[in-house]
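# Commentary on secondary and tertiary structure
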Amino acid sequence: MRLLRAGCGEEELAGAAVDVQGSASSSRSWSDAHFVCPLPAFFPSFRTHGRGNAGMAAAYAARKLGVPATIVLPEGTSLQVVRRLEGQGAEVQLTGKVWDEANLRALELARRDGWENVSPFDHPLIWEGHASLVRELKAALGTPPGALVLSVGGGGLLVGVLDGLAQVGWQHVPVIAMETRGAHCFNAAVEAGRLVTLPDITSVAKSLGAKTVLARALECTKEFEIFSEVVEDVEAVSAVQRFLDDERMLVEPACGAALAAIYSGLLQRLQAEGRLRPSLASVVVIVCGGNSIDSRELQALKAQLGQS
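Everything numeric here is computed off the predicted structure, so don't read it as measured data.

The subject of this paragraph is the confidence of the model for the chain. Averaged over every residue, the pLDDT of the chain is 84; the share at 70 or more is 83%. Across residues 26-45, confidence stays below pLDDT 50; counting only partners more than four residues off in sequence or on other chains, it has 51 contacts.

Next comes the structure, spelled out in structure tokens:
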């Protein structure tokens, strides 16, 4: 993990830039945690499912361990991501329109062939991998931030970070959980007070594309101070462009959802509404997700959304 620091009004913005890992994703932390545990020593191969980032983390870990891996992804996955996965030595299968359908195929293959199925977000060891990020933050910052911002897809990163906050005694830190409209399964669950399955994923932030959030993520709303916020695709993509201009780092719209909390003025709105303190010593934004994007894709997204 590398910290990017920048001014943000009177606050200091500390972005946890985990994109700099070998797999270009925070998901590497979960893959490391999952594969160093005793269980995987007893299976010769595994299958996983997700979008490019979780799949890349699994392929990276499998290559390091010398075990075969099959990554099952939705059919809309870019050729660029497929080639990167194959470059890590993984077999790639494309099936279904969204993550949930790829998940069903991965489960079917695992049962049929006796392989281990590795979820991209639904496992305590995955959450522990994400929790390690908070331990690194405490070592780097020393004192707790005024708020922590992250994107939510299936909910694994959220649950892991919350576990990490509890482990280091920072459970009082408010967490701003960001989603794009059309991939907002966590916000839908929070609003309904129960798990909700979205009819489809319509956001361009496909890496956030789980139709139903983890049950544990919803339970955490009773234990931690979590602000569930939704931004439009145009705000997420605009944040991607502004972050590229500011930091010379290109990330996906899924990550742009978290960055939009800063660039769209949402953070300031929460302060004006009294939901966040008017003065924050620092704000941490978890910056992750960079496998499914390049300059041409960014320009195509901007054109699609009517941005110049």
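Position of Gln88 among the secondary structure elements: in the loop between helix H3 (79-87) and strand E5 (91-94). On the basis of relative accessibility, which here comes to 17%, the residue Gln88 falls in the buried class.

Overall, the coordinates contain one aromatic pair when judged by the stated rule. Here Trp99 and Phe121 contribute two aromatic rings whose centre-to-centre distance is 4.9 Å and whose plane-to-plane angle is 40°, an arrangement assigned as tilted. Of this pair, Trp99 sits in helix H4 (residues 99-113) while Phe121 is found in the loop between strand E6 (116-118) and helix H5 (124-141), placing the two residues 22 residues apart along the sequence. You can call Trp99 buried: its relative accessible area is 10%.

Examined against the element boundaries, Pro253 turns out to sit in helix H10 (residues 253-263). As for Pro253 and Leu301, which are separated by 48 residues in sequence, their C-alpha atoms are 9.1 Å apart. Apart from residues no more than four positions distant in its own chain, Pro253 is found in contact with Val204, Ala205, Ala236, Val237, Val240, Ile293 and Leu301.

Here we come to the environment of Ala110. Locating Ala110 in the fold gives a position in helix H4. With 40 residues separating them in the primary sequence, Ala110 and Thr70 have C-alpha atoms 9.8 Å apart.

A few words now on H10. Most of H10 is tucked away, with ten of its eleven residues classed as buried. Every buried residue belonging to H10 is among Pro253, Ala254, Cys255, Gly256, Ala257, Ala258, Leu259, Ala260, Ala261 and Ile262, and all of these are buried. One or two steps after H10, the chain reaches Gly265, where phi turns positive at roughly 85°.

Within the fold, Thr70 resides in strand E4 (residues 69-73). A relative accessible area of 0% means that Thr70 is categorised as buried.

So, how was this worked out
Residue numbering note: each chain is counted from 1, following its sequence as written. Local features are withheld for residues below a pLDDT of 70 in this predicted model, meaning they are given only at 70 or higher, and side-chain atom pairs are given and counted only at 80 or more; totals for whole chains, interfaces and linings count all residues. Only hydrogens and water are set aside when side-chain values are computed; all heavy atoms of the structure are taken into account. For every residue, the predictor assigns a confidence score, pLDDT, that lies between 0 and 100. We call two residues in contact when some of their heavy atoms are within 4.5 Å. Think of it this way: any DSSP run of H or I at least four residues long counts as a helix, any run of E at least two long counts as a strand, and we number them from the N terminus. Whether a residue is buried, partly exposed or exposed follows from its accessible area with a 1.4 Å probe, protein chains only, as a fraction of its type maximum: under 20%, in between, or over 50%, in that order. Each aromatic pair joins two rings of Phe, Tyr and Trp (for Trp, the six-membered one) with centres within 6.5 Å, and gets the label stacked for planes under 30 degrees apart, edge-to-face for over 60, and tilted for any other angle.

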